[in-house]
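# Examining the three-dimensional arrangement
The primary structure of each chain is shown beneath.
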Amino acid sequence: MDLGNDSILGSLARAESNGNFQAANQEMGAGGMAGHFGRLQFGRARLQDAERAGVLPTDTTPQQFMADPALQQRVEAWHLNDMRDRAVSMGLDQYIGQNVGGVPITMNSILAMGHLGGMGGAQRYLESGGQSNPSDVYGTSLRDYALTHGSAGPQATISTRNAPTTTQTTGV
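Residue numbers run consecutively from 1 along every chain, following the written order of its sequence. Side-chain atom pairs in this predicted model are given and counted only at pLDDT of 80 or more, local residue features only at pLDDT of at least 70, and totals for whole chains, interfaces and linings cover all residues. Values shown for side chains rest on all heavy atoms present in the structure; no hydrogens or waters enter the calculation.

## Re the pattern of salt bridges
Applicable threshold: Definition used for salt bridges: Asp or Glu carboxyl oxygen within 4 Å of a side-chain nitrogen of Lys or Arg. Strands are runs of DSSP state E lasting at least two residues, helices are runs of H or I lasting at least four, and both sets are numbered from the N terminus onward. Each residue is placed in one exposure class: buried if its accessible area under a 1.4 Å probe, protein chains only, is under 20% of its type's maximum, exposed if it is over 50%, and partly exposed if it falls in between.
By the definition in use, this model includes five salt bridges. Among the ionic pairs, Asp-49 bridges to Arg-46, the shortest N-O distance being 3.3 Å. Separated by three residues within a single helix, Asp-49 and Arg-46 lie in helix α2 (residues 44-52), roughly one turn from each other. Pair check on accessibility: Asp-49 and Arg-46 agree, each one buried.

The structure is reproduced here in C-alpha cells:
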C-alpha cells in the first residue's frame, strides 16, 4: 500500500493526525459515540464496522488499536477499499470528471468526503451540487476535504491484500 506523500492515505494521515498512530480525541462521532483514534482518526462506529468486516479483532480497545500500526494499516486499507466499493455501488463514480460546487471530482475527492462525512454525506454533497456541505467540529467541510485530498496521488489505487470489503458503513 502506498503511504507516500502523494497517496490519498498519506494525505489523509497528515491531515488527521500528522501521521501519528497514537493520536486520539474525544470529539463526538457517528452514532453519537465520542472518540477518534489512530492516524486516520477512526470513530468508534467505523471501528465497529471494521470488526463486523473481520478486519479488526472483536473487542479490540482503542488503546490496543493505537498501539498497533500494522493493525491500523489493515483497517486503513479496508476502509479506503470499502468506501471506493460503496462509491461505485452508489453510482457516485458518475460524477468523476465533473466540477461540483467548485470541486473537481475524482475518486480521491469522493473518498475524502466519505472519510470526513460518511458515504451518505459524500452522496448528498454530489447530488445537491455542493449545497449539502456540512462541517466537522473543527470547521472543516466536505468541500474542504475534497479540495485538499482530491488530487492526492494515484486515484484510489489501494492494495486489497489483507483487506476484505463489506457494504455496511456507518460513517467515520
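## Looking at unusual backbone geometry
For Asn-18, which is not glycine, the phi torsion reads 60° and is therefore positive. Note that Asn-18 resides in the loop between α1 (8-17) and β1 (24-28). Since its relative accessible area comes to 65%, Asn-18 is described here as exposed. Positive phi outside glycine occurs at Gln-41, with the angle close to 55°.

## Quick notes on the sheet that holds β1
Note the threshold: Any two strands are treated as partners once DSSP identifies two or more bridges connecting them.
What the three strands build is an open sheet, ordered β1-β2-β3; its pairing is antiparallel. Edge positions in the sheet fall to β1 and β3 (42-43), since each has one partner strand and no second. Relative to β3, strand β2 (residues 34-37) is paired through two bridges, and the arrangement is antiparallel. Along β3, the bridge assignment pairs His-36 with Gly-43.

## Brief notes about the packing of aromatic side chains
Short version of the rule: Aromatic rings from Phe, Tyr and Trp, with only the six-membered ring used for Trp, were paired whenever their centres fell within 6.5 Å, and each pair was classed as stacked if the ring planes differed by under 30 degrees, edge-to-face if by over 60, and tilted otherwise.
Applying the stated rule across the entire model yields one aromatic pair. Between Phe-42 and Phe-65, the ring centres sit 6.1 Å apart and the planes meet at 65°, which makes this aromatic pair edge-to-face. Separated by 23 residues along the polypeptide, Phe-42 in strand β3 and Phe-65 in helix α3 (residues 62-66) bring together distant segments of the chain. Across the pair, exposure class does not vary: Phe-42 and Phe-65 are buried alike.

## So, helix α6 (residues 142-149)
Under the convention used in this document: An arc is given here, and it is the one of the directions from the helix axis to the C-beta atoms. Throughout, a residue-residue contact means that at least one pair of heavy atoms, one from each residue, lies within 4.5 Å.
Within α6 the residues assigned to the buried category are Leu-142, Tyr-145, Ala-146 and His-149. The arc that holds the buried residues of α6, viewed along the axis, is 100°, so those residues lie on one side. Considering only its buried residues, α6 is in contact with α1, β5 (103-104) and α5 (107-127).

## Some points on the nonpolar core
Rules: To form a nonpolar core, buried Ala, Val, Leu, Ile, Met, Phe, Trp, Tyr and Cys residues must be joined to one another through side-chain atoms within 4.5 Å.
Membership of the largest hydrophobic core comes to 38 residues, with the highest contact counts inside it found for Phe-65, Val-75, Leu-92, Ile-105, Met-113 and Leu-126. Only α1, α2, α3, α4 (69-89), α5 and α6 provide two or more residues apiece to this core.

## Some words on the confidence of the model for the chain
Cut-off, in case you're wondering: Residue-level confidence of the predictor is what pLDDT reports, using numbers from 0 through 100.
On average, the chain scores 87 in pLDDT, and the residues at 70 or more come to 85%. In the model, residues 1-6 has pLDDT below 50 throughout and makes 17 contacts with residues more than four positions away in sequence or in other chains. Predicted confidence is poor over residues 156-172, with pLDDT under 50, and the contacts of this stretch with residues over four places away or in other chains come to 56 contacts.

## Notes on the pairing of β2
Taken together, the three bridges between β1 and β2 define a ladder with antiparallel strand orientation. Note on β2: the bridge partner recorded for Met-28 is Ala-34. In this antiparallel pair of consecutive strands, β1 and β2, the connection spans five residues, and Gly-31 shows a positive phi of 75°. Between β2 and the antiparallel strand that follows it, β3, lie four residues; Gly-38 among them carries a positive phi value of about 85°.

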